[in-house]
Each structure stands twice: as structure tokens, then as C-alpha cells.
Amino acid sequence: MSFFKRRLPLLIVLFTGIVMMISYYVPHKPFSQFWDGANKWYMLIAGFTMVLGVVSLVRNHYRKIRQGKQGFGYSIVMFIAMIVTAVFGVIPHSESSPIWGNRSGSVFMWIFDYINTAAAGTVYSLLAFYIASAAYRAFRVRTLDATIMLITALIVMIGRVPYGEMFSDFLTNSIGKGLVFLRLDNLTSFFLNYPVVATRRAITLGLGLATISTSLRVILGIEKTYMGGD
Amino acid sequence: MLKLAEKLLKIDRRIIYALLAIAIIIPILHPLNLPVQITDEARGVYNEIEKLPPGSKVILTFDYEPGSRPEVDPMALAVMRHCLNRKLKVVGISYLELGRGNGENIFNIIQKEFEEKGAPLVYGEDLAYMGFKPGYSAMILNLGKDFKGTCVTDYKGLDAYSMPILKDIEGLGDFKYLVCLHDSSQVNTWILYGFEIVGIRIGACSTAVMAPGIYANLDAGQLTGIVGGLKGGSEYEKLLGYRGMATSGMDSQTIIHILIVFFILLGNFAYLLKEHSMKKL
């Protein structure tokens, strides 16, 4: 039993990982066939993960309702929303019954446009209010680092809007062309193209190295947490 | 002085919210028509489309969720208008479940718009929408080798093999350009498996939050340009010669940015005033 539960999955991961690595660099048979096949399998499995998601969602919310946990009313709303959306979306669309299916004019698309989009947009736009409040309360010149960040943020915020560009035009056209280096749009562009790029590259390289080391640990069976347990 | 500083520091957050709401609503009701300056990043996408000869095929990827529609939809509309006005052929696809509906809406708006101006587009010939395809990176790898075999059908269930627009398309590399409309790191996947493996040229239309993160890709030549946030959208609209949703949204965004800058300065003024007064005591 231990072989099927522990050893076999590790052997499958080891074999697949090594063959996929070789296939990336050797695009010839039989590796290319394995590569193509594995990618098609991946697409199918990715489709099935949705089923797994739905099952997990149903189980969790069902448990919440059955046990009458706090906020179980939201779980009921979730069930109603899921069932209504799924029923209207899954039944095929046709010219004679355009309310079914997931095409324009269907109930599914109405839910998408007027409930999903509206709710998601509302939550997203609330960020502006929180950011404004947080900026007022927390963005302080307490340390040198915070001061540098604050000045940079102010320049980028103003440099990315028309008033910033108008101010820059005024600076270079009315005060002096020598002040071109102070143009907020140029400074914004400088920040985005140099410090941000350099930092981003460092993060990306770090992430890449971490991904390689984690992948190797998984392939070689050192990292086994994905199997559950240790 | 200390009392004033403390009063300012304890300002009711509802006042901030109310001022912000006013700053958003007024420019929408009374547009300020502020001028927009075009950046090289937005021009990078525009110029790439301008360079393509009529009849070239372009692929648009709708990789953003409904919450990002106000920011990304204007860019999607502008890029599609640009492509179709230049007689390019546009194929849409989404690798996000929720991106599918966004793409469908954009395709419907554009088709209706062209019909109203007396230049109707033929679905399947001038444009086609493949809808959502699962698999993320694997899906892109498969598109690279066999586009029609990976898509099989479009979002209406029509056979991809019978579409004239896909007649001479074998893989992703047969498209001349790809524009990724995204609100997260999706463009990196297209770069990794589209640009690096197939060699397709890519332009990005990103939300403002995501745009700074992909400047490294622009610098490395993996992207031809970035249309970032409402600002990028308004630049693109200006390049096309019209004032659309992005440009009108920029008025509100400008006022909000200034208001937030004012709040930051006021907050810091109060903070420094309090520190100064405390030292004196």
C-alpha cells in the first residue's frame, strides 16, 4: 500500500519532470511526442480542476449550513446564485430560446454584466477610498526610506496625469528650457524605466532561481508536501 | 498649534470619502477635456499595428476579470477599432473563465458599431472570437503548434476549421501580432510561451497597477509597447483621434490624484507640526 500511496506518485513525478525537462531542449521524437501529449493532458486536467473547485465549494458551504455556523445565510445565497447561474448557462442557447446558454441576450450574460461585473467593479473601486484614507493617515516622512518613497510616489502620481504634463510644459516653456530634467513626465518615465526595471529584474531572477530549486526538490522527491502530510 | 495638528490628524475618514466621491462625480458630469500627452510606450503598440499590411491577422487576448472592465474595456475597444479600421483581421481568445464574457461584449459592441456606420463585418472572415480555453501555459504551447486543434470551436460552438479567417493559420506564430489585455501577470505567460517559443510579437494593455511590473519586458524587447491603465487608454484614443471612455475617465483620475497628493501633503504637514510642537513642550 505504501508503494502505491507514497513511492509510485514520487516515481511518476520524477519520470515526468525529467522527461519534460529533456523535451524542452530536445524537440525531436520521442520527446516531442511526449511533450505534445503532456500538454494536451494538462489542458484536459486543467478543465477538470473546475469540477474539483465546485465540489470543494459545495462541500464547505453545505457543512456550514448543516451545522448552522455563523453567516450560513451567505452560504444559502451562494448556493442559489451558483445553481441559477449554472442552470441558465449550461442549457444550450438557441434562436428560439435565447435566454439559455452563455451568449449575448441570455440570462447568464445578464448575470455576468449586471451582477458579476457591477459587484466586482464596486469592490475594486472601493480601493480608491481606502487608498486615499490610508495615504492621509499612514504615508509619513518618518524615515529616510519613507521620505524617498513618498517623493517618488508624488512625482509619479502627478506625472501620470494631464495636470502634471501641463505643469511640466509651464516649467520648460515659461521658466527655462534648462529645467527639462525636472519635467514630471520625464521623471516618471525615468522611475518606470530604470529603478523599477532594475528592481523588477532582481525580483524576477530571484523568483526564477527559487522556482528552479523548488521544482528540483519536487522532482527529486525531497519536497513532498503536495502529497499531503510531511 | 498642537491642537490644530491633532485635529488635522484625527480628521473623520468620512470627510475624505465624501471629497473623493465629489472629485469622481463632478468631472464625469462636467468633463474638463484635459489634454493628453502620448508616451513612447503607448506609441509602441500603435506603431506596430500601423506597420501591418491590410489582411494581416492579429490576436487579442481577453485576460482580465469583470472588475477591471472600466479600465481595460476602453483599451480593448480602441485596439480593436484600430485593427479593423486598418482592415486587419482580428481573432479573440481568453484564458480566464471570466474573461470570456468581456471579449464577447467587446466583439458585440464593435460589430454593432461597424454595422451602424455602414461597413458591416463578416463574423468568421473579418473577426472571430474563440472564447475561453483552459490550460494556461499548456494552452498557449498547444496554440503555438496547432491553433485550430486547440480551439476546436469558437464561443458560439462554430467549427474553427471551417472559418475563413483561420484558413492559413497553423499555429500562433502565423499571427502577425498579439495584444494581451490583462489585469494580472497573464502577459508574462504569453511572453514565455508565445514570444520566446513561437516568436510572436506582443503588445500589452495593462491595468495601471500591473503596468510598472512589465517595463522590464519592454526594455528587454519582449514587448513592443505598453498601454497602461486609463492614461494609456486615453493616449491610444488620442492616437486614433477620438475622445472615448478612457479620456473622460482621465478627468476624474486627474482630480483624484491631485486630491490624494493634497491629502498626503496635509497629513505630513500635520504630522510634522505635531512633532515640532511636542519637541517645544
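Every value quoted in this text rests on a predicted model; they were computed, and no experiment measured them.

Peer 1: Can you help me understand the interface of chain B and chain A in this one?
Peer 2: How large an interface is tends to be reported as the accessible area lost when its parts come together. Facing 45 residues of chain B, the contacting portion of chain A comprises 45 residues. Elements with a contribution of two residues or more to the side of chain B that touches chain A: α2 (13-29), α4 (69-85), α5 (99-116), α6 (137-145), α9 (215-219) and α11 (245-280) of chain B. No other element matches the 14 residues that α11(B) contributes to the side of chain B that touches chain A. When grouped by side-chain class, the residues that make up the side of chain B that touches chain A number 25 nonpolar, twelve polar and eight charged.

Peer 1: What's the story with the domain arrangement of chain B in this structure? I'm lost.
Peer 2: Here chain B is described as being made up of domain 1 (2-31 + 252-280) and domain 2 (40-242). Measuring from the centre of the C-alpha atoms in domain 1 of chain B to the corresponding centre in domain 2 of chain B gives 40 Å.

Peer 1: What exactly am I supposed to notice about α4(B) here?
Peer 2: One turn of an α-helix holds 3.6 residues; hence residues three or four places apart share an orientation. All names here are of chain B. Over its 17 residues, α4 extends 23 Å from the first C-alpha to the last, a length consistent with the 24 Å expected when each residue adds 1.5 Å. Taking burial as the measure, the 17 residues of α4 include 14 buried ones, the bulk of the element. With its phi angle positive at about 65°, K87 sits one or two positions after the end of α4.

Peer 1: Just checking my understanding: could you explain the pairing of strand β2 (residues 89-94) of chain B for this structure?
Peer 2: The side chains of a regular strand alternate between the sheet's two faces. All names here are of chain B. Burial analysis of β2 places six of its six residues in the buried class, the great majority of the element. Here β2 shows no split at all, with K89, V91 and I93 on one side and V90, G92 and S94 on the other all buried. Bridge count for strand β1 (residues 57-63) against β2 is five bridges, and the pairing is parallel. Counterpart to K57 in the pairing with β2 is K89.

Peer 1: Help me understand the sheet that holds strand β5 (residues 202-206) of chain B, please; the structure alone is not making it clear to me.
Peer 2: As a general point, the strands of a sheet are linked pairwise by backbone hydrogen bonds and lie either parallel or antiparallel. Residues and elements named next belong to chain B. Strand order across the open sheet formed by six strands is β3-β2-β1-β4-β5-β6, with parallel pairing between neighbours. Pairing within the sheet leaves two strands with one partner each, and these edge strands are β3 (127-132) and β6 (226-228). On average, adjacent strands in this sheet sit at an angle of 15° to one another, irrespective of strand direction. The pairing of β2 with β3 spans four bridges and is classified as parallel. Across the sheet, the residue bridging to V91 is A128, located in β3. Strands in contact with helix α3 (residues 40-51) are β4 (177-182), β5 and β6; relative to β6, the strand with the most contacts, it is inclined by about 125°. Contacts from helix α8 (residues 186-195) reach β1, β4 and β5 within the one sheet, and its direction differs from that of β4 by about 155°.

Peer 1: Would you mind showing me how to read the pairing of β1(B) here?
Peer 2: Residue and element names in this part refer to chain B. Burial analysis of β1 places six of its seven residues in the buried class, the great majority of the element. Both β1 and β4 contribute to a ladder of six bridges, which runs parallel. Across the sheet, residue L60 finds its bridge partner in β4, namely V179.

Peer 1: I tried to follow the confidence of the model for chain B on my own but got confused; where do I start?
Peer 2: Atomic detail in the predicted coordinates should be set aside for any region of low pLDDT. Across chain B, the average pLDDT comes to 93, with 100% of residues at or above 70. Taken over the whole predicted complex, pTM reads 0.89, whereas the ipTM for its chain interfaces reads 0.83.

Peer 1: Help me out: how do you make sense of the confidence of the model for chain A in this one?
Peer 2: Considering every residue of chain A, the mean pLDDT works out to 89; 99% of them sit at 70 or more. Within chain A, helix α3 (residues 72-90) of chain A carries the highest mean pLDDT (94), whereas helix α6 (residues 162-175) of chain A carries the lowest (82).

Peer 1: Any chance you could explain unusual backbone geometry here in plain terms?
Peer 2: The phi angle of most residues is negative, glycine excepted, and most peptide bonds adopt the trans form. For the peptide bond that leads from A:K29 to A:P30, omega is 0°, which places it in the cis range. With respect to the element layout, A:P30 can be found in the loop between α1 (2-25) and α2 (31-66). Its identity is not glycine, yet B:K87 carries a phi of approximately 65°, on the positive side.

Quick notes on the rules
- Residues numbered from 1 in each chain as written.
- Chains lettered and ligands numbered in written order.
- Predicted model: local features only at pLDDT ≥ 70, side-chain atom pairs only at ≥ 80, totals over all residues.
- Contact = placed C-beta atoms within 7 Å.
- Helix = DSSP H or I, 4+ residues; strand = E, 2+ residues; numbered from the N terminus.
- Nonpolar A, V, L, I, M, F, W, Y, C, P; charged D, E, K, R; others polar.
- Domains from an automatic or database assignment.
- Expected span 1.5 Å × (residues − 1).
- Buried ≥ 20, exposed ≤ 12 C-beta atoms within 10 Å, placed from the backbone.
- Pairing = 2+ DSSP bridges.
- Axes fitted to C-alpha atoms, helices over the stretch in contact; angles between N-to-C directions.
- pLDDT = per-residue confidence, 0-100.

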